[in-house]
Amino acid sequence: QVLIVESGGGVVQAGGSLRLSCVADGSIFSHNPMAWYRQAPGKQRELVARITSYRSTNYADSVKGRFTISRDNAKNTVYLQMNSLKPEDTAVYYCNTDPPVLYNNKNYWGKGTPVTVSS
């Protein structure tokens, strides 16, 4: 069962912008904080931004002032607007609950959407 689908990634020059979208199954979207994570080559997956059902937000220090997370509860969709992108933002970006949802006793992750920022 596909529970999460991320989209919107691509290749962009440094200083450019991208808007990521995530459509999640209603069973995991409702009443849960949602978050964007990313995993760069050779690094651990890290939390980038999170948003509660009441639209309270938190951001990693590395993206504050540049990224904005939002959600549309009626559409079960989470967005990540990324501005002033830097090469160090290059990673596969994943959408999930915070903490990540369990499915068959394992953390569930979608395919993610890759973002490449060139210098």
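Residues numbered from 1 in each chain as written. Predicted model: local features only at pLDDT ≥ 70, side-chain atom pairs only at ≥ 80, totals over all residues. Heavy atoms only, no water.

**Q** Mind showing me how you'd approach the overall build of the protein here?
**A** In terms of helices and strands, the protein carries one helix and twelve strands. Secondary structure elements of the protein, listed N to C terminal, follow the sequence β-β-β-α-β-β-β-β-β-β-β-β-β. Rg of the C-alpha trace for the protein: 13 Å, near the compact-globule value of 14 Å for 119 residues, within the 12% margin. For the protein, the proportion of its 119 residues judged to be buried stands at 41%. In the protein, the share of contacts with a sequence separation of at least 24, taken over all contacts with a separation of at least 6, comes to 56%. Summed over its atoms, the accessible surface of the protein is roughly 6400 Å², and 49% of this surface lies on carbon and sulfur atoms. The distance from the centre of the 13 positive side-chain charges to the centre of the 8 negative ones in the protein is 1 Å. (Helix = DSSP H or I, 4+ residues; strand = E, 2+ residues; numbered from the N terminus. Rg over C-alpha atoms; globule rule 2.2 N^0.38 Å. Buried < 20%, exposed > 50% of the residue type's maximum accessible area, 1.4 Å probe, protein only. Contact = heavy atoms within 4.5 Å. Areas by Shrake-Rupley, 256 points an atom, 1.4 Å probe, with all protein chains shown as cover. Lys, Arg positive; Asp, Glu negative; His and termini not counted. Charge placed at Lys NZ, Arg CZ, Asp CG, Glu CD.)

**Q** Before we go on, may I ask you to explain unusual backbone geometry in this structure?
**A** Leave glycine aside and you will find that most residues have negative phi; peptide bonds, for their part, are mostly trans. Following D98, the chain continues to P99 via a peptide bond in cis, the omega torsion being 5 degrees. Relative to the elements of secondary structure, P99 occurs in the loop between β9 (91–97) and β10 (102–103). Of note in the backbone geometry, R55 takes a positive phi value of approximately 70 degrees without being a glycine. Locating R55 in the fold gives a position in the loop between β5 (46–51) and β6 (57–59). Exposure remark for R55: the relative accessible area of 48% places this residue in the partly exposed category.

In short, shape yes, function no, at least from these values alone.
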